[in-house]
Amino acid sequence: MSQQELNKAVSGEYSLGFEIDIEQETVPPGLDEKVIAFISRKKNEPEWMLNLRLKAFKKYKSMKEPHWGHLQYKPIDYQSISYFSAPKKGANSLEEVDPKILEAYKKLGIPLEEQKQLQGIAVDAVVDSVSVKTTFSEELKKQGIIFCSISEAIKDYPQLVKKYMFSVVPMNDNYFAALNSAVFTDGTFVYIPKGVKCPMELSTYFRINALNTGQFERTLIIADEGSYVSYNEGCSAPTRDENQLHAAVVELVILKNAQIKYSTIQNWYPGDENGKGGIYNFVTKRAICKGENAKVSWAQVETGSAITWKYPSCILEGDNSVGEFYSVAVTTLAQQADTGTKMIHLGNNTRSTIISKGISAMKGQNTYRGLVKIASKAKNAHNYSECDSLLIGDKCGAHTFPYLESKNKEAKVEHEATTTKISDEQLFYLRQRGINEEDGVGMIVHGFCKEVFNKLPMEYAVEAKALLDLTLEGSVG
Amino acid sequence: MQSLIKNKKLNKTQQTALEKLETIGLPTKKTEEYRYFDISDIREKEWDIVKHSDINTTSSKEFTIIDGKVESYPNDINLDISFDEEIDIDKNHFDPMYYLGHTMSEKNIHIKFKNDCTIVIRQIFTAQNKMIPYRISFDIPNNINVRITDLFEDMHSQDIFVNSGYDITIGQNAVCTLIQEKTTYNNNSKFIFSHYAKVNDGGIFNLHTFDFGEGKSLQLIKAEIEDNAHINSYHLLFAKDNSNIGTVSKIIHNGKNSKSIQKSKNILQDKAKGIFDALINIKNSGKGSATHQNSQAILLNDGAMMASKPQLEIYIDDVEASHGSTIGELDKDQMFYLQSRGISQQEAKKLLILAFANEMIDVIEDKNTQNFLHQSFEKSYYNKAQMECILTCHNCEDMILKEK
Amino acid sequence: MSKKIVLDIKDLYASIGEKDILKGLNLQIEEGKVHVIMGPNGAGKSTLSKTIVGHYDTNIKSGDILYKDESIIDLTPEERALRGIFMSFQNPVEIPGVNNAYFLRTALNTKRRYEGADELNAAEFLREVKKLLKELGMKPEMIQRSLNQGFSGGEKKRNEILQMMVLKPDFIILDEIDSGLDIDALRDVSEGINKMKDGKRSFLVITHYSRILDYIKPDIIHVLKDGKIVKTGDPSLVQELEKSGYETLEEK
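Just so it is clear, the structure is predicted and the values come from calculations on it, not from any experiment.

Chemist: I'm lost on the overall build of chain C in this one. Help?
Modeler: Scanning chain C for helices and strands turns up seven helices and 12 strands. For a compact globule of 252 residues, the expected C-alpha radius of gyration is about 18 Å, and chain C comes in at 18 Å, within 12% of that figure. Based on the C-alpha atoms only, the size of chain C along its principal axes is roughly 55 × 45 × 40 Å. Residues counted as buried form 42% of the 252 residues belonging to chain C. Long-range contacts, defined as pairs at least 24 residues apart, comprise 72% of the intrachain contacts of chain C with a sequence gap of at least 6.

In structure tokens form, the structure reads like this:
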């Protein structure tokens, strides 16, 4: 396969590049206590929340940006970013939402009304720091399910927020989590009561709009005993020249016999061929299986971002708890990703499965970094990890850095990794049967990722496949 | 530690090493390579360097190095030994202790091979409460085949800190086989061996390390392999008591069609902590290269720990790269099979552990060395040497089966 | 004249993991006889053999297994082996690094010690084994290799029979001994088994197909279906099964 042909096949045109042209109330760039107080006031937060933010900011100031990732990027000037931006008009119901915003969503393929009628999926659409009214929250409320923005939760459900926020990712966990804890502007809050199985996929759509605004979402999902919820996070962003910072925190709490499925399809702007522009994505996602038999799965398809630093993790505290991580990460153009997962086995009979598929093309650098830690009291723990990397072209890189630490003799830890290129033999076979090169590459790549796609909720698996094609096969959507 | 260095008169090699050391600094708690091997007590102590008498070296069949000084060596026409060679050291080594060793060593022990050769080196430690820095370099010219068996004895020493290692240059199409056996004892000593090997076009480096015992010992290896060069790196570890033993290695494929196979087997007992931190880096110039890395660990009881970090850094697509790592206990089906034949659980366990370790010993071609290693392992594991026919000895079987 | 009952299984309920497999199985085997268990897949044939030898997967819920009048359900696998129970596995596990000769010698010496006899040293053992290797059509090198590693199906089965001939057990379970064997291997293996038939040794042959029964003459045929023995008869039962299959059989 010639290099030119390869390049054509993998540099998809980014089709979602445009911006919402509405008035925004944007805070001037810079970060200090005044900005934080401004954010808290804008959101009408109670005193206790502002105090927590300030506490986090104090910790943030004493920390240093981590640089152990296999990433190279221009230093981020945190003082040149604006930490709040909101569309001017408030919205009480869908009808009151600025029509220009609604139009933007149409282009993105999520017309709220249509979805409400046909697909039965509740959508909490976040536009640059403010939640556009939640569509289905009334209907879910009948089952006792709370699905609202984090700002509303802070006001309406303070006990739950106080109990669980920061319980999975403490403020001082890492530099970006501390930053997020101080300046988070919005995010999703979900609470599923005991024994309730949430009847629909819950989803959130993000969008980053104005120049120099970082997006700092904070999501908290609590699955009470015996409950179940499947949550999807999908995002897109417009073409920009300035790098945009995204530092989110997601906390999942799973109690006894409950289960959370968290899927992410990420389509942030990746920057151009020379690494210019694109989103910087530094995310801390963590789940704690607090009760017996608790189960959590992270499934993600990442195709965007210029820089990705992300390790969805599971703390398996409850006996028999299960943590799963399924990921497809694509780095092409000049993207760099240092991602992976952490599985911490504390309880007895815990199980974790890690299936990570990385695809690198053009000048992409894809790094898997994982930690499997088995405490000495964690009896009968099992971990299985499979990290495979596919390299397309001779200028990209694929790296695997697993950390396996076991202190319990009965624990079984198994890790395998392979790094290969697209097999010439396989490609030739397809071509001999009349399939052209680009489609052939697509087939092989799909086969490579099948295991992960099978773990996504059906509606999103389809979207994910399309997204992968878009990223790799040069077809313009 | 710093004070020791200031008042020495340094030659060119030592000067270069010192400059590099000052740039990188000594390892701290945040240094990745020392994440599982704490050296704060080494750093903080004010060490006395071991002093040697001026007795000249004698000629004998074996190579003996006592407390870092060569006491005897074979008068072999196949090699040259010198003590004042200023060698080229690696200027991009990841380990500051490599540079510390070069800075602090009196004279570099330089061995240049002239023909195919087999040598045995005994490194013996007898000192008490001293730091022992010394470096050895091997120069293996093109097309030469060399076998080095390297044996350590630290039974009679106490509280020492040994900072040593090899600089090995393997010429084009040359072969170097290095078999190293280190059994450490609970005598509060610490060993840090930091190596550098350069395998030139078509060269082969076979490294077999055997680490048994109760002490604290870390080996750090950096190997660079060029076009069509091979490295086979095998490590067997059996650690017990409160020992902390392991391997940190970085194998870098610079050349096309280069190949590396790295295998590590680890058995941990009591409160021992084992380390296998191994990076394989295939550079963009390493088209057509292949690497397969595998590590297995068995924990014999709760509280023993294995830290395994098999890593791949690949910068070119035309490669074959894979690694696997497992940590666990003995295979249940295998245990059951032996038990179903009347063998007690205890005995079955022993058999399986020996089988696990033996895979690494049985690849050694020389039968005598093999037997020695079997004995060494069994002594460490059983705490006594087997007197009768060794468990996996094949010699008498051959004889009997061929009898009429 | 009633012969001794060497194996008496009373109302056995056993499961593998969550699944109940044996549901009230009763079986009595007289000393010196060859009993055959046939039955459809999933009926519980291999679970039956696993419970007799004490496999870690099995869970006995109720009932008992008496061997030579002693209950064995609480004994470890090696305790049962030393009492004379031997199973030839359907898929013998490979144990790389464990020398075949060393393993067999250890097993033999453990038994000899248990019986109060002298142990054999390596040389003595090998001389004994040489003869058996030849009889079984095994190449001498096989005793020097790692246990079952790289052995073909037929070689693995021969190795099982070799162990049987060395350890000289009293009660032998042959689990699908004929699966994967070609004609020569089947013949050699059967000859080895037949040599062990001395009127006092008892056999439990578990099989799908009747081919092995052409070589090893059975005394009694049982059909295991739905976790129980549903029919017992003389060797003519085999032809009946071949004609009509397992489905038409009614429960006892």
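Chemist: How should I be thinking about the overall build of chain B in this particular structure?
Modeler: When its secondary structure is counted, chain B shows eight helices and 22 strands. In terms of overall size, chain B behaves like a compact globule, its C-alpha atoms giving a radius of gyration of 21 Å where 404 residues would be expected to give roughly 22 Å. For chain B, with 404 residues in total, the buried portion stands at 55%.

Chemist: Can you help me understand the interface of chain B and chain A in this one?
Modeler: How large an interface is tends to be reported as the accessible area lost when its parts come together. In this assembly, 32 residues from chain B lie in contact with 30 residues from chain A. Within the residue set of the side of chain B that touches chain A, elements represented by two or more residues are β21 (305–314) and β22 (320–328) of chain B. With 10 residues, the single largest contributor to the side of chain B that touches chain A is β21(B). For the side of chain B that touches chain A, a count of residues per class yields 14 nonpolar, 11 polar and seven charged. Bridge analysis of strand β22 (residues 397–406) of chain A against β21(B) gives six bridges, and the strand direction is antiparallel. Residue A:A398 lies in a different strand from β21(B), and its bridge partner there is B:I314.

Chemist: I keep staring at the nonpolar core and nothing clicks. Help me out?
Modeler: In globular proteins that are soluble, nonpolar side chains generally tend to be buried together. With 286 residues, the main nonpolar core has A:V190, A:A223, A:L252, A:I254 and A:I260 as its most contacted residues. Ranked by residues supplied to this core, first place goes to helix α6 (residues 345–361) of chain B with nine residues. If near-sequence neighbours (up to four positions away) are discounted, A:V190 is found in contact with A:I146, A:F147, A:L202, A:I221, A:I222, A:V229 and A:Y231.

Chemist: Any chance you could explain the sheet that holds strand β6 (residues 85–88) of chain C here in plain terms?
Modeler: Think of a sheet as strands paired side by side through backbone hydrogen bonds, with each pair either parallel or antiparallel. All names here are of chain C. Pairing within the open sheet is mixed, and its six strands lie in the order β6-β9-β10-β3-β11-β12. On the outer flanks of this sheet lie β6 and β12 (228–233), each paired with one strand and no other. Neighbouring strand axes in the sheet, compared pairwise and without regard to direction, differ in orientation by 20° on average. Taken together, the four bridges between strand β3 (residues 34–38) and strand β11 (residues 220–225) define a ladder with parallel strand orientation.

Chemist: When you look at the sheet that holds strand β5 (residues 70–71) of chain C in this model, what are you seeing that I'm missing?
Modeler: Residue and element names in this part refer to chain C. Spatial strand order, β2-β1-β4-β5: four strands in an open sheet with antiparallel pairing. Only two strands of the sheet have a single neighbouring strand rather than two, namely β2 (19–30) and β5. By the bridge criterion, nine bridges tie strand β1 (residues 5–16) to β2 in an arrangement that is antiparallel. Of the residues in β2, the one forming a bridge with D8 is Q28. Packing of helix α1 (residues 45–53) onto the sheet brings it into contact with β1, β2 and β4 (58–67), and relative to β4 it is tilted by some 70°.

Chemist: Sorry if this is basic, but what is going on with unusual backbone geometry here?
Modeler: Leave glycine aside and you will find that most residues have negative phi; peptide bonds, for their part, are mostly trans. Of note in the backbone geometry, B:D159 takes a positive phi value of approximately 55° without being a glycine. Secondary-structure assignment places B:D159 in the loop between β9 (145–153) and β10 (161–164). Look at C:D11: it is not a glycine, yet its phi comes out positive at around 45°. Tracing the backbone shows C:D11 in strand β1. Among the residues examined, C:D11 registers 13 C-beta atoms within 10 Å and is labelled partly exposed.

Chemist: Is there a simple way to think about the interface of chain B and chain C in this case?
Modeler: With 26 residues of chain B at the contact, the number on the chain C side is 31 residues. For the side of chain B that touches chain C, the leading source of residues is α6(B), giving seven residues. Counted by class, the side of chain B that touches chain C contains 11 nonpolar, nine polar and six charged residues.

Chemist: Sorry, what's going on with the pairing of strand β8 (residues 218–223) of chain A here?
Modeler: Along any regular strand, the residues point their side chains to alternate faces of the sheet. Residues and elements named next belong to chain A. When you tally the buried positions in β8, you get six out of six residues, the bulk of the element. Of the two faces of β8, the one holding R218, L220 and I222 and the one holding T219, I221 and A223 are both buried throughout. The pairing of strand β6 (residues 188–192) with β8 spans four bridges and is classified as parallel. In the strand pairing of β8, Y191 is matched with I222.

Chemist: Got a minute to help me understand the packing of helix α3 (residues 47–61) of chain A against helix α9 (residues 175–183) of chain A in this structure?
Modeler: In helix packing, the relevant descriptors are the interaxial angle and the interaxial distance, both defined with respect to the helix axes. All names here are of chain A. The contact between α3 and α9 brings their axes to 7 Å, and the two run at 150°. The angle between α3 and α9 falls in the class roughly antiparallel. By crossing handedness, the relation of α3 to α9 is classed as left-handed. On α9, the residues touching R53, A56, F57, K59 and Y60 of α3 are A178, L179, S181 and A182. Considered class by class, the residues forming the contact of α3 with α9 number six nonpolar, one polar and two charged.

Chemist: Can you help me understand the pairing of strand β3 (residues 69–73) of chain B in this one?
Modeler: Residues and elements named next belong to chain B. Relative to β3, strand β1 (residues 58–59) is paired through two bridges, and the arrangement is parallel. Bridged to S59 within β3 is Y73. Taking the residues that link successive antiparallel strands as the turn, the strand β2 (residues 63–66)-β3 hairpin has two residues, and the phi of D67 there is positive, at about 50°.

Chemist: Teacher, can you tell me more about the environment of B:S258 here?
Modeler: All names here are of chain B. Structurally, S258 is set in the loop between β17 (244–253) and β18 (259–268). Note: C-alpha distance between S258 and A229 (29 residues apart in sequence) is 4.9 Å. Dropping the residues within four chain positions of it, S258 is found in contact with I225, E226, D227, N228, A229, H253, G286 and S289.

Chemist: Teacher, can you tell me more about the environment of B:E22 here?
Modeler: Residue and element names in this part refer to chain B. In this fold, E22 is placed in helix α2 (residues 12–24). Judged by local crowding, E22 falls into the partly exposed class, with 14 C-beta atoms found within 10 Å. Separated by 78 residues in the primary sequence, E22 and L100 place their C-alpha atoms 9.6 Å from one another.

Chemist: For this particular structure, what's the right way to read helix α3 (residues 100–115) of chain C?
Modeler: Since the α-helix advances by 3.6 residues per turn, residues separated by three or four positions end up pointing in the same direction. Residue and element names in this part refer to chain C. Over its 16 residues, α3 extends 23 Å from the first C-alpha to the last, a length consistent with the 22 Å expected when each residue adds 1.5 Å. Looking only at α3, the buried set comprises N100, A101, Y102, F103, L104, R105, T106, A107, L108, T110 and K111. Of the residues flanking the end of α3, it is G116, one or two places downstream, whose phi is positive at about 80°.

Chemist: Just to check I follow, could you spell out the environment of B:D317 for this structure?
Modeler: Note that B:D317 resides in the loop between β21 and β22. Judged by C-beta crowding, with 24 C-beta atoms within 10 Å, B:D317 ranks as buried. For the pair B:D317 and B:G286, spaced 31 residues apart in sequence, the C-alpha to C-alpha distance is 9.5 Å. In this view, B:D317 contacts A:L391, A:I392, A:G393, A:D394 and A:K421; residues no more than four positions away in its chain are not counted.

Chemist: Can you walk me through helix α5 (residues 332–339) of chain B in this structure?
Modeler: Burial runs high along α5(B): six of the eight residues are buried. Residues B:Q334, B:M335, B:F336, B:Y337, B:L338 and B:Q339 constitute the buried set of α5(B).

Chemist: What am I meant to see in the packing of helix α5 (residues 153–167) of chain C against helix α6 (residues 183–196) of chain C here?
Modeler: Residues and elements named next belong to chain C. With their axes 10 Å apart at the nearest point, α5 and α6 run at an angle of 10° to one another. Here α6 runs roughly parallel to α5, going by the angle between their axes. Mapping the contact onto sequence places G154, K157, R158, I161, M164 and M165 in α5 and A185, D188, V189, G192, I193 and M196 in α6.

Criteria and cut-off values
- Counting starts from 1 at the beginning of each chain's written sequence and moves along it residue by residue.
- As they are written, the chains are lettered A onward and the ligands numbered 1 onward, keeping that order.
- Per-residue local features of the predicted model are confined to residues with pLDDT of at least 70, and side-chain atom pairs are confined, for both listing and counting, to 80 or more; whole-chain, interface and lining totals are unaffected and use all residues.
- Helix and strand definitions here come from DSSP, where helices need a minimum of 4 consecutive H or I residues and strands a minimum of 2 consecutive E residues; each element is numbered from the N-terminal end.
- Only C-alpha atoms enter the radius of gyration; for comparison, a globular chain is expected to reach 2.2 Å times N to the power 0.38, where N is the number of residues.
- Exposure is read from a count of other C-beta atoms within 10 Å of each residue's own; the residue is exposed at 12 or fewer, buried at 20 or more and partly exposed in between. C-beta atoms are placed from the backbone.
- Our contact criterion uses C-beta atoms placed from the backbone: two residues qualify when those atoms are within 7 Å.
- Each residue is assigned to one of three groups, with Ala, Val, Leu, Ile, Met, Phe, Trp, Tyr, Cys and Pro labelled nonpolar, Asp, Glu, Lys and Arg labelled charged, and all others, Gly among them, labelled polar.
- Strands were regarded as paired on the criterion that DSSP finds at least two bridges between them.
- Buried Ala, Val, Leu, Ile, Met, Phe, Trp, Tyr and Cys residues form a nonpolar core when they are connected through C-beta atoms within 7 Å.
- Lines fitted to C-alpha atoms define the axes, with helix axes restricted to the stretch in contact, and inter-axis angles between N-to-C directions lie between 0 and 180 degrees.
- Should an angle fall under 35 degrees it is taken as roughly parallel, and over 145 as roughly antiparallel, whereas 65 to 115 is taken as roughly perpendicular and any remaining angle as oblique.
- Here a crossing is called left-handed whenever its near helix is offset anticlockwise from the far helix by less than a right angle, and right-handed whenever the offset is clockwise.
- Given the number of residues in a helix, its expected span is that number minus one, multiplied by 1.5 Å.

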